[in-house]
Amino acid sequence: MTATYDSLAAHYDAVAGDGEAEAAFVHDLIRQRRPVEPRRGRAATLLDVACGTGAIAASLARQDQGGYRVSGLDISPGMLAVARAKLPAGTPLYQADMTSFRLDARFDAVVCAYQGVNHLLSFPAWESFFRCVYEHLNAGGVFVFDIATVGHLVRMAGLEKIVQQFGDNYLLIRVHTADGAVFQWRIEVYELQPDGRYRLLTEVVEMTSFPVGRVREALGHWFTGIEVTGDGGSADPDAEDRIWLTCVKPP
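Visitor: Lay out the overall build of the protein chain in plain terms, naming residues and giving numbers.
Guide: Helices and strands together make up the secondary structure of the protein chain, namely seven helices and eleven strands. Computed over C-alpha atoms, the radius of gyration of the protein chain comes to 18 Å, within 12% of the 18 Å expected from 2.2 N^0.38 for 251 residues, which places it in the range of a compact globule. The principal-axis extent of the C-alpha atoms belonging to the protein chain is close to 60 × 40 × 30 Å. Counting the 251 residues in the protein chain, one finds 51% classified as buried. Counted over contacts in the protein chain with a minimum sequence separation of 6, partners at least 24 positions apart contribute 65%. Working note: accessible area of the protein chain is about 11400 Å², and carbon and sulfur atoms make up 51% of it.

Encoded structure:
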């Protein structure tokens, strides 16, 4: 079971960052691994797993960001409701667990952004997710996802708190770990009400991560051409805060 973020769905986009920039980066990664080819053409269909409010999928559906025929999958009905309002009419949206989904569709690309996989708390669950992706990709299809590294989660737990203002509202995050393996994120949004008071919205989610080498090894059971891209340019991917992994289903 993954985090739902239902209570925070209305504010998720405001605090998650620039979805268009993320989408542009994802599009570049897909285009590098699946250039236009006479036999297969470009990647045209795309599934966004743990799509949340659909910010990335909506951008990737636009012509200037690839013009993909997008579909979205998430476990949260609240997040999917927000996504439906911003995605093109008729966009397929599936409420399902990312470790066990079974869709009657195959795709040229599967994407999972905003560290969605980190909400799976065991490595067998990560492997189940990778297997689901493999089963839903066309031959030669591209899989792109990002993870928060172990080091990043440890560093976050070392902070007393994170406070962020967005609009007239406030976000407070505290990260705690009891065993150094599972990290509990207590997320509080203080939402300004018409009477000037604040309403407290709370979500508690758990995350974990694993060494990049172990993740690559697991991907190698299904995919080829595994590439790692770090946000900070370090030669050691485990030293990064976040990394992107890109791989291909063998033709």
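Visitor: Can you lay out the nonpolar core for me, pointing to particular residues and giving the numbers?
Guide: Of all hydrophobic cores here, the largest spans 34 residues; its most connected members are F129, F130, F143, F145 and L219. Residue assignment for this core shows that the elements contributing at least two residues are β1 (45-49), β4 (107-112), α5 (123-136), β5 (137-148), α7 (212-219) and β11 (242-248). Broken down by element, the residue count for this core peaks at seven residues, all from α5. Within the second largest apolar cluster, 25 residues are counted, among which are A23, A61, V70 and V142.

Visitor: Could you give an account of the sheet that holds strand β8 (residues 183-192), naming the residues involved and the relevant values?
Guide: Strands sit in the order β6-β7-β8-β9 across an open sheet of four strands; the sheet is antiparallel. Each end of this open sheet is capped by a strand with a single partner; those strands are β6 (162-166) and β9 (198-207). Adjacent strand axes in the sheet meet at a mean angle of 20°, parallel and antiparallel pairs treated alike. Sheet analysis places strand β7 (residues 169-177) next to β8, joined by eight bridges and oriented antiparallel. Considered in β8, the bridge of I173 is made with I187. Each of β6, β7, β8 and β9 touches helix α6 (residues 150-157); the most contacted strand, β8, lies at about 60° to it.

Visitor: Lay out a nonpolar patch on the surface in plain terms, naming residues and giving numbers.
Guide: Taken together, the side chains of V163, Y170, L192 and Y198 make up a nonpolar region of the molecular surface, amounting to roughly 350 Å² of accessible area. Here Y170 falls in the partly exposed class, since its relative accessible area comes to 32%.

Visitor: Got a sec to walk through the pairing of β4? Specific residues and values, please.
Guide: Counting buried residues in β4 gives six out of six residues, a clear majority hidden from the surface. Judged from the three bridges that link them, β1 and β4 form a sheet pairing that is parallel. Following the sheet pairing, L47 is matched in β4 by V110. Taken together, the five bridges between β4 and β5 define a ladder with parallel strand orientation. In the strand pairing of β5, V110 is matched with F143. After leaving β4, the chain enters α5 and then returns to the sheet as β5, a path that is right-handed.

Criteria and cut-off values
Residues numbered from 1 in each chain as written. Predicted model: local features only at pLDDT ≥ 70, side-chain atom pairs only at ≥ 80, totals over all residues. Heavy atoms only, no water. Helix = DSSP H or I, 4+ residues; strand = E, 2+ residues; numbered from the N terminus. Rg over C-alpha atoms; globule rule 2.2 N^0.38 Å. Buried < 20%, exposed > 50% of the residue type's maximum accessible area, 1.4 Å probe, protein only. Contact = heavy atoms within 4.5 Å. Areas by Shrake-Rupley, 256 points an atom, 1.4 Å probe, with all protein chains shown as cover. Core = buried A, V, L, I, M, F, W, Y, C linked by side-chain atoms within 4.5 Å. Pairing = 2+ DSSP bridges. Axes fitted to C-alpha atoms, helices over the stretch in contact; angles between N-to-C directions. Patch = residues over 30% accessible without salt bridge, like charges linked within 9 Å, V, L, I, M, F, W, Y side chains within 5 Å. Salt bridge = Lys/Arg side-chain N within 4 Å of Asp/Glu carboxyl O. Right-handed = clockwise from strand over helix to strand, strands pointing away.

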